[in-house]
Amino acid sequence: MALSGRTALWWAWVRLPRSAAAPLGSPVWLPVGLAACQRFYSSRDKEKIDMSAYPVESIRNFSIIAHVDHGKSTLADRLLEITGTIAKTDRNKQVLDKLQVERERGITVKAQSASLFYDHKGVNYLLNLIDTPGIQAQTVANFYLAFEAQLAIIPVINKIDLKNADPERVEKQIEKLFDIPVNECIRISAKQGMNIEKVLEKVIEKIPPPRFNTTDPLKALVFDSTFDHYRGVIANIAVFGGEIQKGHKIVSAHTNKRYEVNEVGILTPDEQPTHKLYAGQVGYLIAGMKEVTEAQIGDTLFMYKQPVEPLPGFKSAKPMVFAGMYPVDQTEYNNLKSALERLTLNDSSVTVHRDSSLALGAGWRLGFLGLLHMEVFNQRLEQEYNTSVILTAPTVPYKAVLSSAKLIKEYGNSEITIINPAQFPDKHSVSEYLEPTVLGTIVTPQEYIGKIIVLCQDRRAVQKEMLYIDEHRVMLKYLFPLNEIVVDFYDALKSLSSGYASFDYEDAGYQAADLIKMDILINGNPVEELATIIHNDKAYATGKFLCERLKDAIPRQLFEIAIQAAIGKKIIARETLKAYRKNVVAKCYGGDITRRMKLLKRQAEGKRLMRKIGNVEVPRDAFIRVLKRQPEK
């Protein structure tokens, strides 16, 4: 969440004491992506640490929550350095980000945990840090979730070393918007290492220790896992009661399978074996689990013959974007299925439903938190599992109120959710279509208000509030149809405001809308990947836009290609991609005109034949590019 200029702000969220029966939906333990990759280090032959030296009273559990690109991973690097967890060198950049996609994009995709040891006023503390993925557009919404869950919140203003930084103004905005006193904000520069000690001191002073007891029966929560080809599944656990060590026989509450513990330890951030793990501590466990499905996120582990009440687990995330995924070659279906199982095991925010298509074959309909989530997921499939997939156009979950008694009987309900355009019911059997909406909050310098209002109106948004939070910045609240912001609204907003505006949204339910299904045809054949559900008022403009973008995305062929947008049997837009043409009359330098006409006629006949039997392949990476609007000038 950027509240002022290029000054970045992140929140450190921490777990307050709570009973074991309390809901486990806190951002500290949010489940995120899977790293099904092999470990590049070994924990063998390392000296084991005695964790009994760190009683519950000296333990602090916290995580860092921030908007994308606000210095979260850089701060984590500095915390690791100042506590002596890693050596201080110039090469310490994104130490906890181990995935290739994280390095390439410069963002955190998969949460990583690390145990830090820090001496404060003569007392040795164990600080368990979780570096979470960056939030694209829901920082404020997550702040209120933490507030409602009664979690302690430490506001930290980062990047104060930048030329345009204005921490005083940011502090006033925080106080006005979130009712947090100015004197509680900590000004830091993670890049320069300024005031990092104050963050650690605040974590120790403000965060109470977890209320767990080592004398209770063992109760451990699985919050993440990785896979090692030699040692099997490595489960990351948080111990909520009792203690665990090598040789203990444990049981999974989810699978009811019994295991013998081979190794326990902490992450520093590499694996560091320990003699035991005690209540309140966070670490890893190796127990001979051979399949990744045996380490379910949110599972409870307990001692054999000492059953306990399973922990509530995690609150399910609500997918906001759906897309179809199919293997490029159906012979790769089983390989892709295995890759999906591994990648979605630890990313419970991705929903998977089997799907099939006449044109694309067997596949799946996947639900994601947003477009960035979808792009990163696809990139990880390609990089980590060497799979090639076809992704259909992203869509949001619409609803339809049925009026046909036959359909109501078929679906067993008068209201259905539509996550696949192929399932879109005909308007004659529907009394009302509903589209999802979000309440969006935009904070921007006042000089960009005009352009942003025009952008919002173009996306069918309804203004709800306009508030000047100080003499330079304005907060706008709009009710948006989710479909209008899901693909490229954030990029357009950043472009219009030179990067200074921030955007945040929260779910606002459903509203009635005049929806239709639009198909894209290439040479008369529908392209299922680009079928979409849109508002009737935008059908012509959207159809024309998609045809124009497809014309640029599809390579020219030796025959003419007709690109059309259709609603039912009605064509509403068309573009024609001209064929490559050989100059067949180049050798005619005189003589009878009939010779020239004969050659041209023969060429035209060949083109018509090629058009009948020729197949047009749309490049796999063209779908997202086609759907993104051109940047506003």
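Residues numbered from 1 in each chain as written. Predicted model: local features only at pLDDT ≥ 70, side-chain atom pairs only at ≥ 80, totals over all residues. Heavy atoms only, no water.

Focus on the confidence of the model for the protein
Across the protein, the average pLDDT comes to 80, with 82% of residues at 70 or higher. When the criterion is pLDDT under 50, residues 1-44 qualifies, and its contacts beyond four places in sequence or with other chains add up to 190 contacts. (pLDDT = per-residue confidence, 0-100. Contact = heavy atoms within 4.5 Å.)

Re the sheet that holds strand S17 (residues 321-327)
One open sheet accounts for 4 strands, arranged S18-S19-S17-S20; its pairing is antiparallel. Both outer strands of the open sheet, strand S18 (351-357) and strand S20 (389-391), are each paired with one neighbouring strand and no more. When the angles between neighbouring strand axes are averaged without regard to direction, this sheet yields 30°. As judged from the 3 bridges shared by S17 and S20, these two strands associate in the antiparallel manner. When the bridges of S20 are listed, Pro327 appears paired with Val389. Sitting on the sheet, helix H6 (residues 333-345) is in contact with S17, S18, strand S19 (361-368) and S20, with an inclination near 15° to S19. (Pairing = 2+ DSSP bridges. Helix = DSSP H or I, 4+ residues; strand = E, 2+ residues; numbered from the N terminus. Axes fitted to C-alpha atoms, helices over the stretch in contact; angles between N-to-C directions.)

Description of the packing of helix H1 (residues 72-82) against helix H5 (residues 196-206)
Two elements in contact, H1 and H5, have axes separated by 10 Å at closest approach and are oriented at 80°. Our classification of the angle between H1 and H5 gives roughly perpendicular. Along the contact surface, H1 presents Leu75, Arg78, Leu79 and Ile82, while H5 presents Ile196, Glu197 and Leu200. A class-by-class count of the residues in the contact of H1 with H5 yields 5 nonpolar, no polar and 2 charged. (Parallel < 35°, antiparallel > 145°, perpendicular 65-115°, else oblique. Nonpolar A, V, L, I, M, F, W, Y, C, P; charged D, E, K, R; others polar.)

Details of the side chain of Thr395
Mapped onto the secondary structure, Thr395 falls in the loop between S20 and strand S21 (398-402). If we skip the residues at most four places from it in the chain, Thr395 touches Met320, Val321, Phe322, Arg365, Ile419 and Pro421.

Overview of the packing of H6 against helix H7 (residues 371-385)
Across the interface, H6 lies against H7 with an axial gap of 11 Å and an inter-helix angle of 115°. Crossing angle aside, the handedness with which H6 passes H7 is right-handed. Seen from H6, the contacting residues are Leu336, Ala339, Leu340, Arg342, Leu343 and Thr344; seen from H7, they are Phe377, Arg380, Leu381, Glu384 and Tyr385. The class makeup of the residues in the contact of H6 with H7 is 7 nonpolar, 1 polar and 3 charged. (Left-handed = near helix turned anticlockwise from the far one by under 90°.)

A few points about the nonpolar core
In this structure, Phe377, Leu381, Ile442, Phe480, Phe489 and Phe503 are the most contacted members of the largest nonpolar core, which totals 58 residues. In contact with Ile442, other than residues within four places in its own chain, are Ile452, Cys456, Val474, Met475, Leu476, Phe480, Phe489, Leu493, Ala501, Ser502 and Phe503. Judged by nonpolar contacts, the second largest core, of 28 residues, contains Ile59, Leu277, Tyr278 and Val292. (Core = buried A, V, L, I, M, F, W, Y, C linked by side-chain atoms within 4.5 Å. Buried < 20%, exposed > 50% of the residue type's maximum accessible area, 1.4 Å probe, protein only.)

Side note on unusual backbone geometry
For the bond from Thr268 to Pro269, the omega torsion is -5°, close enough to zero to count as cis. Inspection of the secondary structure puts Pro269 in the loop between strand S12 (263-267) and strand S13 (271-273). Although it is not a glycine, Asn386 sits at a positive phi angle of roughly 55°. Looking at Asn386, the relative accessible area reads 70%, which means it is exposed. The phi dihedral of Asn523 falls on the positive side, at around 55°, and the residue is not glycine.

Comments concerning the environment of Val264
With respect to the helices and strands, the residue Val264 is situated in strand S12. The buried category is assigned to Val264, whose relative accessible area is 2%. Each C-alpha atom of the pair Val264 and Ile244 lies 7.7 Å from the other, and the pair is 20 residues apart in sequence. Once residues within four sequence positions are removed from consideration, Val264 is found in contact with Ile244, Gln245, Pro273, Thr274, His275, Lys276, Leu277, Tyr284 and Leu285.

Points about H7
Along an α-helix, residues three or four positions apart point the same way, because every turn accommodates 3.6 residues. For H7, which comprises 15 residues, the first-to-last C-alpha distance of 21 Å matches the rise-based estimate of 21 Å (1.5 Å per residue) to within 8%. In terms of residue burial, H7 counts as a mostly covered element, since 11 of its 15 residues are buried. Once H7 finishes, Asn386 follows within two positions and takes phi at roughly 55°, a positive value. (Expected span 1.5 Å × (residues − 1).)

Remarks on the environment of His472
Structurally, the position occupied by His472 is in the loop between strand S24 (462-468) and strand S25 (473-481). Given a relative accessible area of 38%, His472 falls into the partly exposed group. Considering only alpha carbons, one finds His472 and Gln446, 26 residues apart in sequence, at a separation of 5.8 Å. Discounting chain neighbours no more than four positions away, the residues touching His472 are Arg169, Thr444, Pro445 and Gln446.

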